[in-house]
Amino acid sequence: QVQLVEAGGGLVQPGGSLRLSCAVSGFTFSMYAMSWYRQAPGKERELVAAITSTGGSTDYADSVKGRFSISRDNAKNTVYLQMNNLKPEDTAVYHCSAQRAFLRYWGQGTQVTVSS
């Protein structure tokens, strides 16, 4: 059974930090590229960050470059998103996603709210 379970969301003040994690099971994690997406109310889902299966390459949305960092631990079947200098516009539900060829899996999401 494929599972992607996000954790680490919450309420944080502007300028604060959070670290999201996504623990996966049910497939060979090390063979999948991983991504973080987010969706704010009334907006379309957008790609935030992505990392290749080996972790050798990463990519970020322009809006988070220099503030967010994606990483993975293939030994722990977990992908992370370190979010620094958070802004109110980062408020959204954050989902992790695994992709390999035509296969894509999604987690249920974790809420991140940035507010004073």
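Residues numbered from 1 in each chain as written. Predicted model: local features only at pLDDT ≥ 70, side-chain atom pairs only at ≥ 80, totals over all residues. Heavy atoms only, no water.

Student: Hey, could you run me through the packing of aromatic side chains in this one?
Tutor: Two aromatic rings are characterised by how far apart their centres lie and by the angle between their planes. Here the structure, examined in full by the defined rule, presents four aromatic pairs. Both rings, one in phenylalanine 27 and one in tyrosine 105, keep their centres 5.1 Å apart while their planes meet at 35°; by these two values the pair is tilted. Taken together, the residues phenylalanine 27 in the loop between β3 (18-25) and β4 (33-39) and tyrosine 105 in strand β10 (residues 103-106) connect sequence positions 78 residues apart. Judged by relative accessible area, phenylalanine 27 falls into the buried class, the value being 13%. Accessibility expressed as a relative area gives 22% for tyrosine 105, which makes it partly exposed. Members of the aromatic cluster, connected to one another through ring pairs, are Phe27, Tyr32 and Tyr105. Cation over ring: arginine 45 sits above tyrosine 37, and NZ or CZ is 5.8 Å from the ring centre. The ring centre of tryptophan 106 lies 4.1 Å from the NZ or CZ of arginine 45, which sits over that ring. (Phe/Tyr/Trp six-rings, centres within 6.5 Å; stacked < 30°, edge-to-face > 60°. Helix = DSSP H or I, 4+ residues; strand = E, 2+ residues; numbered from the N terminus. Buried < 20%, exposed > 50% of the residue type's maximum accessible area, 1.4 Å probe, protein only. Lys NZ or Arg CZ within 6 Å of the ring centre and 35° of its normal.)

Student: Got a minute to help me understand the state of the cysteines in this structure?
Tutor: Taken as a whole and assessed by the stated rule, the structure comprises one disulfide. Put simply, cysteine 22 and cysteine 96 are joined by a disulfide, and their sulfur atoms are 1.9 Å apart. For the disulfide bridge between cysteine 22 and cysteine 96, the dihedral angle about the S-S bond is near 45°, and by the sign convention the bridge is right-handed. With cysteine 22 in strand β3 and cysteine 96 in strand β9 (residues 92-100), this residue pair connects regions lying 74 residues apart in the sequence. (Disulfide = S-S within 2.5 Å.)

Student: Explain unusual backbone geometry to me, please; I cannot follow it from the model alone.
Tutor: Peptide bonds are trans in most cases, and residues, glycine excluded, mostly fall at negative phi. For asparagine 77, which is not glycine, the phi dihedral falls at a positive 55°. Considering the arrangement of structural elements, one finds asparagine 77 in the loop between β7 (68-73) and β8 (78-83). Looking at asparagine 77, the relative accessible area reads 26%, which means it is partly exposed. Positive phi, normally seen in glycine, also occurs at asparagine 85, with a value near 50°.

Student: Quick question: what am I supposed to make of the pattern of salt bridges here?
Tutor: Two side chains bearing opposite charge may form a pair once their charged atoms approach each other closely. Counted by the stated rule, this structure contains four salt bridges. Residues glutamate 46 and arginine 38 are paired through a salt bridge, measuring 2.6 Å at the closest nitrogen-oxygen approach. The class for glutamate 46 is partly exposed, based on a relative accessible area of 31%. In this structure arginine 38 comes out as buried when scored by relative accessible area, which is 6%. One continuous salt-bridge network, built from bridges that share partners, spans Arg38, Glu46, Arg67 and Asp90. (Salt bridge = Lys/Arg side-chain N within 4 Å of Asp/Glu carboxyl O.)

Student: Explain the sheet that holds β8 here, please?
Tutor: Sheet strands pair by backbone hydrogen bonding; their relative direction is either parallel or antiparallel. Pairing in this open sheet of four strands is antiparallel, and the strands run β1-β3-β8-β7 from one edge to the other. Bordering the open sheet on either side are β1 (3-7) and β7, each of which pairs with just one other strand. Across the sheet, the mean angle from the axis of one strand to that of its neighbour is 15°, orientation sign disregarded. Of the pairings in the sheet, the one linking β3 to β8 comprises six bridges and is antiparallel in character. Within the sheet, the bridge partner assigned to leucine 18 lies in β8 and is methionine 83. (Pairing = 2+ DSSP bridges. Axes fitted to C-alpha atoms, helices over the stretch in contact; angles between N-to-C directions.)

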